[in-house]
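Here are the chains, one letter per residue:
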Amino acid sequence: MWSYFANPHKFLRLSDWLAPAFYALGAACIAYGLWQGLWVVPKDEYQGGDIMRVMFIHVPAAWLAMASYSALAVASFVWFVWRHELADIAAKAIAPIGAVWTAICLATGSIWGKPTWGTWWQWDDARMMSVLFLFFLFLGYMALRAAMDTRQKAARAGAILAMVGAINIPLIKFSVDLFTSLHQDASVITADGPKMAAVYLTPLLVSAVGHSLLFGGLVMTSMRTEIRERRIARLRARELEAF
Amino acid sequence: MSAAPILAAFRQSLGEAWAGGAGALLPLGFLGGAAVLVPLGIGSDGETLKAVGPGIIWVALALASLVTLERIFQSDAEDGTLDLWLQAGAPVSAIAAAKTLAHWLSAGLPLALFSPLLALMFQAEASPALLVNAGLYALGSLAFFFWGGVGAALSATVRRGGLLISLIALPLYVPTAIFGALAMSGGPGSAGAPLFLAASTLFACAVAPYAMAAALRLAAD
């Protein structure tokens, strides 16, 4: 299966229409989620009144922060084992985009926290701390790649770090979970089904799907750019040889 | 496979770390200096110092591991030692673990043994608990050194690798720092925390050598 997707030509052909489709669908979903979230759904006084509307950005961003690190780890693993160049291109593309969503999650969380909990940041809170360390893992990954002098070395070093980080994530999560938390418990994915009223849940899920589609589209565009850049570099090198 | 290259690397590292800077006195001086800066920086209030003391020692241990590990693999990559290991078919993960252990013995363990004295400086009560804490510092700093070693191996060929090591290794220090601080807090959950600390250290000892080996093979290319 991997080898089918590992072909850059097939990827370019596929993403040629898939990326714009992701953008269009994603924009529609996000627009619907924002419209519902900002104007339609009733405000929840328990969650701080109108400020709870930030949820329609915050929760999808949190979901993408974790999903993008998982994607980074999987891409790194695929590259490390099968050496498919496309997997490394994907990992390189995912890191900055995932870092931005992690930063959005932290920022919107702080904005939501100030009026409801009375603080921008709580040091002994498990949720906030794990997301913050996720952000640092992304930063370390990008810094390490940038420090390597060849593409191949950047790919190998990055893959090792992403995999070490991935096996550490359960440990980090587990250790910070010993803290008491201001953050509410899980209310979307629980054993008894969603605990949230449907009027909130539907726009929230649509918004999460929209953000995921936007993420997919951005990653594909970034990968296409990288493939083109590598092709340009090869053509330049060939031109120089011809001299 | 013979144990000779592993022992040689261990002995050489221990010699380098021990002879190259007045033995364990240099790291001890570093830790003492860092610890002395704290009361000067936050004021000399006894209650405050007592509260932050154990945490400051954890931070100082983490910094000491980062500072001592900066060049642990860099010189091997530069002078060709690394290539010789690889050519000899020596188990790189075991060599990396041996080198890390040697650095921990010369910089991590002495600091942990020295910690009761620092704790007294931070106004802690003199009690056998300080010796138990010294054991916890020793256990936790071992994890710091192994994760720091992964950062050092990954940045072995990078100039100014020291800053990069910190950025890579600090998120991996989190479980150790949290379990360690929890074990000394005396609050709820502190009874089981030493076991969690031991588990996270064992995890580091089990995983880090293989990550270091993969990173060192990369550095040799």
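Everything quoted here is computed from the prediction, not taken from an experiment.

Draft legend 1. Region of interest: the overall build of chain A. The number of helices and strands found in chain A is seven helices and zero strands. Element order for chain A, N to C, with α for helix and β for strand: α-α-α-α-α-α-α. Looking at chain A as a whole, 45% of its 243 residues are labelled buried. Expressed as a percentage of contacts within chain A between residues at least 6 apart in sequence, the contacts between residues at least 24 apart total 76%.

Draft legend 2. Inspection of the overall build of chain B at higher detail. On a plain count of helices and strands, chain B comes out with 10 helices and zero strands. In sequence order, the secondary structure elements of chain B are arranged as α-α-α-α-α-α-α-α-α-α. On C-alpha atoms alone, chain B measures out to a radius of gyration of 18 Å, which is about the 17 Å that the 2.2 N^0.38 rule sets for 221 residues. Split into buried and exposed, the 221 residues of chain B put 52% on the buried side. The long-range fraction of contacts in chain B, counting pairs at least 24 apart against all pairs at least 6 apart in sequence, stands at 79%. Counting only carbon and sulfur atoms, one obtains 69% of the accessible surface of chain B, whose full area is about 9,400 Å².

Draft legend 3. Inspection of the nonpolar core at higher detail. One finds Leu72, Leu144 and Met223 of chain A together with Phe73, Trp147, Leu154 and Met212 of chain B to be the most contacted residues of the largest nonpolar core, which totals 112 residues. With residues near it in sequence (within four places) discarded, Met223 of chain A still touches Phe11, Leu86, Ile89, Ala90 and Ala93 of chain A.

Draft legend 4. Summary view of the interface of chain B and chain A. Listed as interface residues are 24 residues of chain B and, on the opposing side, 25 residues of chain A. Surface buried jointly by chain B and chain A totals about 2,300 Å² across both partners, of which 84% is contributed by carbon and sulfur atoms. The interface formed by chain B and chain A contains zero salt bridges. If you list the elements that add at least two residues to the side of chain B that touches chain A, you get helix 7 (129-154), helix 8 (161-169), helix 9 (174-185) and helix 10 (193-220) of chain B. Of all the elements, helix 10 of chain B adds the most residues to the side of chain B that touches chain A, at nine residues. Classifying every residue of the side of chain B that touches chain A gives 20 nonpolar, two polar and two charged.

Cut-off values and rules
Residues numbered from 1 in each chain as written. Chains lettered and ligands numbered in written order. Predicted model: local features only at pLDDT ≥ 70, side-chain atom pairs only at ≥ 80, totals over all residues. Heavy atoms only, no water. Helix = DSSP H or I, 4+ residues; strand = E, 2+ residues; numbered from the N terminus. Buried < 20%, exposed > 50% of the residue type's maximum accessible area, 1.4 Å probe, protein only. Contact = heavy atoms within 4.5 Å. Rg over C-alpha atoms; globule rule 2.2 N^0.38 Å. Areas by Shrake-Rupley, 256 points an atom, 1.4 Å probe, with all protein chains shown as cover. Core = buried A, V, L, I, M, F, W, Y, C linked by side-chain atoms within 4.5 Å. Buried area = accessible area lost by both parts, 1.4 Å probe. Salt bridge = Lys/Arg side-chain N within 4 Å of Asp/Glu carboxyl O. Nonpolar A, V, L, I, M, F, W, Y, C, P; charged D, E, K, R; others polar.

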